[in-house]
Amino acid sequence: MADQPVTPPTPAIPHAATALDAAAGPSRTEKVMALLIAVLCGTVGALVAFILFRHLGAGALVAIGSSGATFLGVTGVVKAVEEKLGVL
């Protein structure tokens, strides 16, 4: 028995994800962060739309309206994608 090597025990991970955690879904913090990402993506899309419309010669009111619609569209699409991925 002295010839067999002694293997040290593997340390337990203090907060290991279990199947129960995966079935419970994302935490509240993850959901809030996912919604913030959707809003930020919508904001970037609205800014790009505003700059593009103004560059193409549209009036200020048209550019603001188009950027508002773009904000709603991009935010909705990102939220739908996050729901399909299981983040929300």
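That block above? That's the structure.
Criteria and cut-off values
- Residues numbered from 1 in each chain as written.
- Predicted model: local features only at pLDDT ≥ 70, side-chain atom pairs only at ≥ 80, totals over all residues.
- Heavy atoms only, no water.
- Helix = DSSP H or I, 4+ residues; strand = E, 2+ residues; numbered from the N terminus.
- Buried < 20%, exposed > 50% of the residue type's maximum accessible area, 1.4 Å probe, protein only.
- Areas by Shrake-Rupley, 256 points an atom, 1.4 Å probe, with all protein chains shown as cover.
- Expected span 1.5 Å × (residues − 1).
- Contact = heavy atoms within 4.5 Å.
- Patch = residues over 30% accessible without salt bridge, like charges linked within 9 Å, V, L, I, M, F, W, Y side chains within 5 Å.
- Salt bridge = Lys/Arg side-chain N within 4 Å of Asp/Glu carboxyl O.

Q: Which residues make up the overall build of the chain, and what are the values?
A: Scanning the chain from terminus to terminus reveals 3 helices and 0 strands. Considering the chain as a whole, with its 88 residues, one finds that 15% of them fall into the buried category. In the form shown here, the chain has an accessible surface area of approximately 7000 Å², with 73% of it arising from carbon and sulfur atoms.

Q: Mind laying out helix H2 (residues 28-55), listing which residues take part and the relevant values?
A: Taking 1.5 Å per residue as the helical rise, H2 with its 28 residues ought to reach 40 Å, and the 41 Å between its terminal C-alpha atoms agrees with that figure. Within H2, the full set of buried residues consists of Ala 34, Ala 38, Gly 42, Gly 45, Ala 46 and Ala 49. Turning to H2, the residues buried within the fold contact helix H3 (60-85). Where H2 terminates, the next one or two residues include Gly 57, which has phi positive at roughly 100°.

Q: Can you explain the environment of Phe 71? Please cite residues and give values.
A: Looking at the secondary structure, you find Phe 71 in helix H3. The class of Phe 71 is partly exposed, set by a relative accessible area of 27%. Taking the C-alpha atoms as reference points, Phe 71 and Leu 47, 24 residues apart in sequence, are found 8.5 Å from one another. Those residues in contact with Phe 71, other than ones at most four positions away along the chain, are Val 39, Gly 42, Thr 43 and Ala 46.

Q: Account for the environment of Leu 52, naming residues and giving values.
A: Locating Leu 52 in the fold gives a position in helix H2. Judged by relative accessible area, Leu 52 falls into the partly exposed class, the value being 45%. Separated by 15 residues in the primary sequence, Leu 52 and Ser 67 have C-alpha atoms spaced 9.5 Å apart.

Q: Tell me about the side chain of Glu 82, residues and numbers included.
A: Position of Glu 82 relative to the elements: it lies in helix H3. Not counting residues within four places of it along the chain, the set of residues in contact with Glu 82 comprises Ala 34, Leu 35, Ile 37, Ala 38, Val 87 and Leu 88.

Q: Tell me what's going on with a nonpolar patch on the surface, and back it up with residues and numbers.
A: Residues Leu 52, Phe 53, Leu 56 and Val 62 make up a contiguous nonpolar surface patch of roughly 380 Å² in combined accessible area. Relative to the elements of secondary structure, Val 62 occurs in helix H3.

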